[in-house]
Amino acid sequence: MSPPENAPLSTERIPTGIPGLDEVLGGGLLRSGIYMVMGEPGAGKTMLANQLCYHQASRGSRSLYVTLLAETHSRMLEHLKPMRFFEPRAMPDSVYYVSAFRTLEDHGLPGLLELLRREVRHHDTGLLVIDGLVQAQESAASPREFKKFIHELQVSASLSRFTVLLLSSGTGGPVQPEHTMVDGILELRERSYGVRAHRELRVRKFRGGENLAGQHFFRISDAGLEVFPRLESLTHREQPLDKGAERVHFGIPSLDALLPGGLAVGSTTLLLGPSGSGKTMLGTNLLAEGVRLGEPCLYFGFYETPDRLLNKIAKVGLDGLQEAASSKRLALHWQPPGEYVLDVLASRLLAMVRAHRARRVFVDGLSGFFDAAVEPARLSLFFSALTHALRCMGATTAFSLETPQVFGPELTFPMGAGISAVTENLLFLRHVELDSRLRRLVSILKLRDTEYDATLREFTISRDGIAVLGPFSTGDAMLTGLARHPSASTRED
Amino acid sequence: METVLVVDDEEGILSAITDLLELEGYHVLAAGNGRKALERMVATRPDLVLTDWMMPVVDGLQLIEQMEATPGLRAIPVILMSAVDLSAPRRLRPELVLIQKPFDANSLVKTVRQTLDRSREPR
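Worth saying up front: this structure is predicted, and the values here are computed from it rather than measured. (Residues numbered from 1 in each chain as written. Chains lettered and ligands numbered in written order. Predicted model: local features only at pLDDT ≥ 70, side-chain atom pairs only at ≥ 80, totals over all residues. Heavy atoms only, no water.)

Quick notes on the interface of chain A and chain B
Moving on, step 1. Contact residues are listed per partner, giving 20 residues for chain A and 16 residues for chain B.
Moving on, step 2. Buried surface at the junction of chain A and chain B, summed over both partners, amounts to about 1,600 Å²; 58% is from carbon and sulfur atoms.
Moving on, step 3. A:Arg102 is the partner of B:Glu11 in a salt bridge, and the nearest nitrogen-oxygen pair spans 2.4 Å.
Moving on, step 4. Our enumeration of links across chain A and chain B arrives at 5 residue pairs in polar contact (both at pLDDT 80 or more).
Moving on, step 5. Mapped by element, the contributors of at least two residues to the side of chain A that touches chain B are helix H3 (73-80), strand E5 (95-99) and helix H4 (101-122) of chain A.
Moving on, step 6. Counting residues per element, the side of chain A that touches chain B draws most heavily on H4(A), which supplies 7 residues.
Moving on, step 7. A class-by-class count of the residues in the side of chain A that touches chain B yields 9 nonpolar, 5 polar and 6 charged. (Contact = heavy atoms within 4.5 Å. Buried area = accessible area lost by both parts, 1.4 Å probe. Salt bridge = Lys/Arg side-chain N within 4 Å of Asp/Glu carboxyl O. Polar contact = N/O pair within 3.5 Å; in protein donor to acceptor, adjacent residues only side chain to side chain. Helix = DSSP H or I, 4+ residues; strand = E, 2+ residues; numbered from the N terminus. Nonpolar A, V, L, I, M, F, W, Y, C, P; charged D, E, K, R; others polar.)

As structure tokens, then:
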């Protein structure tokens, strides 16, 4: 099926069908444009091009895949067979493979151009892929002849309204003459970060439209290519809904009494404390209160499997969450231990919030995101973007974050510069040694836009749940975990 | 010596099959598309045509149609090969000998031999 007769040439976009790539490209490729896809062998150029072809086939449009000196078609198709986007029935009508190497050898670039023009017309092609551009370049008598070839291809593409992908094994070196001729350049590469390797895509050039600048992670799986735009590069034109006076509470009366105004809807709360201090309990209480009120809730955790979590919190008065999980009012997502990618995690989290329309979210283990960051300098902007996205979805979110030291005079905040600035609320949990007993302490360090009780409080976790006791009226250096009495300790109840 | 005309736009495949069949004792002609194949056939009538399906200019099925329309060529046996699923041509032309790529050398040689032998059987 040929492109619509009256489709505008300059602004019509061809969606790639590659998740995330259209976002990076600002909507897709421009119809009749010529795009170079550059990358070393194995970078993913062939996969990207084929994925595009089969996506076009699913939309009723025809593609012509022309190889020069590339792998054989049958070998290529063998590699495509495990891919979910691959549809063998699309061949030969909607995706047609030909080799033009002999034509190039015998008749040079003019012969190649003639073949391309004829085959595009004969097959009513909307997308033309030329795989192995380097061979065409090497056949050119001069750089000028090669530029002329690209130019003539461009003219044909405009006349006949087909889009062109040129696959080149060139790398992102100095600008080559043909780079000035094409409408866009996509670079695929693999970069090492210590022992890790990441595939990255960059739009080096894109005429006629906005795109997301910089490197974006992509992966290749049986879904083909999936691109995960760098979260902080996405333009956040969306404004969070102003929920006005809407507030949420933890559902722990003694704790909620410390923050009578509650947490603003859509706000982000950081639950900070060492291991075993009660962060998970507090976070799941926030969700339990949401479930009680009929709000869809999401638990996104890194450390505990859903079963283990539910068993643990059932012992502290939250046994109702088991049923909530069964009935899907509470969605539980667990990231097993392993290497992750920051933007993939964000994408997964946001997709789940969207899918469940979660009003309350608890991310148990912010350090799971830290561990995924190959460039820690990104974290501040990344979290700013993540919290903004959550706010725009109206999700009230709590993040738990472990502090490394259980006891000690030093308070180490394991947060990159600026992360605390993007969270509206901050609760600090601590173990305190006092009177030869280990006690739990909670203090509110920050609560945006509302008053709160700043006193240090002991809290307990029992079969009946969390209870916050009266403030410690005496005792110094509580927040260090090594409290000391100036005199006998009394507590106001 | 029997003559086989191999038709495929992929240079590497054309070269590999040509060498293979020559080693098996056949005289091999090669063409990169259907139009060139027809030109060669008119000059030197092959005993068998082994053709790819997807090719520029004139593809494999079009070549078969043009051979059938040409006296002197219509009786030449044809084997159609392709990396594409062959169930559609199998349905449309049940008499056609088909071979799915990728194939191994032995399968190809066996199919060529069987097709040639069958073409010599009295009808």
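Quick look at helix H13 (residues 379-392) of chain A
Residues and elements named next belong to chain A.
Moving on, step 1. Compared with the 20 Å implied by 1.5 Å per residue over 14 residues, the 20 Å span of H13 between its first and last C-alpha is a close match.
Moving on, step 2. The set of residues buried in H13 consists of Leu379, Phe382, Phe383, Ala385, Leu386, Thr387, His388, Ala389, Leu390 and Cys392.
Moving on, step 3. Contacts made by the buried residues of H13 are with strand E14 (268-273), helix H11 (342-356), helix H12 (367-372), strand E18 (396-402) and helix H14 (419-422).
Moving on, step 4. A positive backbone phi angle near 70 degrees is found at glycine 394, which sits one or two residues after H13. (Expected span 1.5 Å × (residues − 1). Buried < 20%, exposed > 50% of the residue type's maximum accessible area, 1.4 Å probe, protein only.)

Focus on the side chain of A:His123
Moving on, step 1. You can see A:His123 is positioned in the loop between H4 and strand E6 (127-131).
Moving on, step 2. Setting aside anything within four residues of it in sequence, one finds A:His123 in contact with A:Arg62, A:Leu64 and A:Tyr96.

Overview of the packing of helix H2 (residues 45-58) of chain A against H3(A)
In a packed pair of helices, the relevant descriptors are the angle between the two axes and the axis-to-axis distance.
All names here are of chain A.
Moving on, step 1. For the pair H2 and H3, the least separation of the axes is 11 Å and the interaxial angle reads 80 degrees. It follows from the interaxial angle that H2 and H3 lie roughly perpendicular. Contacts from Thr46, Met47, Asn50 and Tyr54 in H2 reach Met76, Leu77 and Leu80 in H3.
Moving on, step 2. Residue composition of the contact of H2 with H3, grouped by class: 5 nonpolar, 2 polar and no charged. (Axes fitted to C-alpha atoms, helices over the stretch in contact; angles between N-to-C directions. Parallel < 35°, antiparallel > 145°, perpendicular 65-115°, else oblique.)

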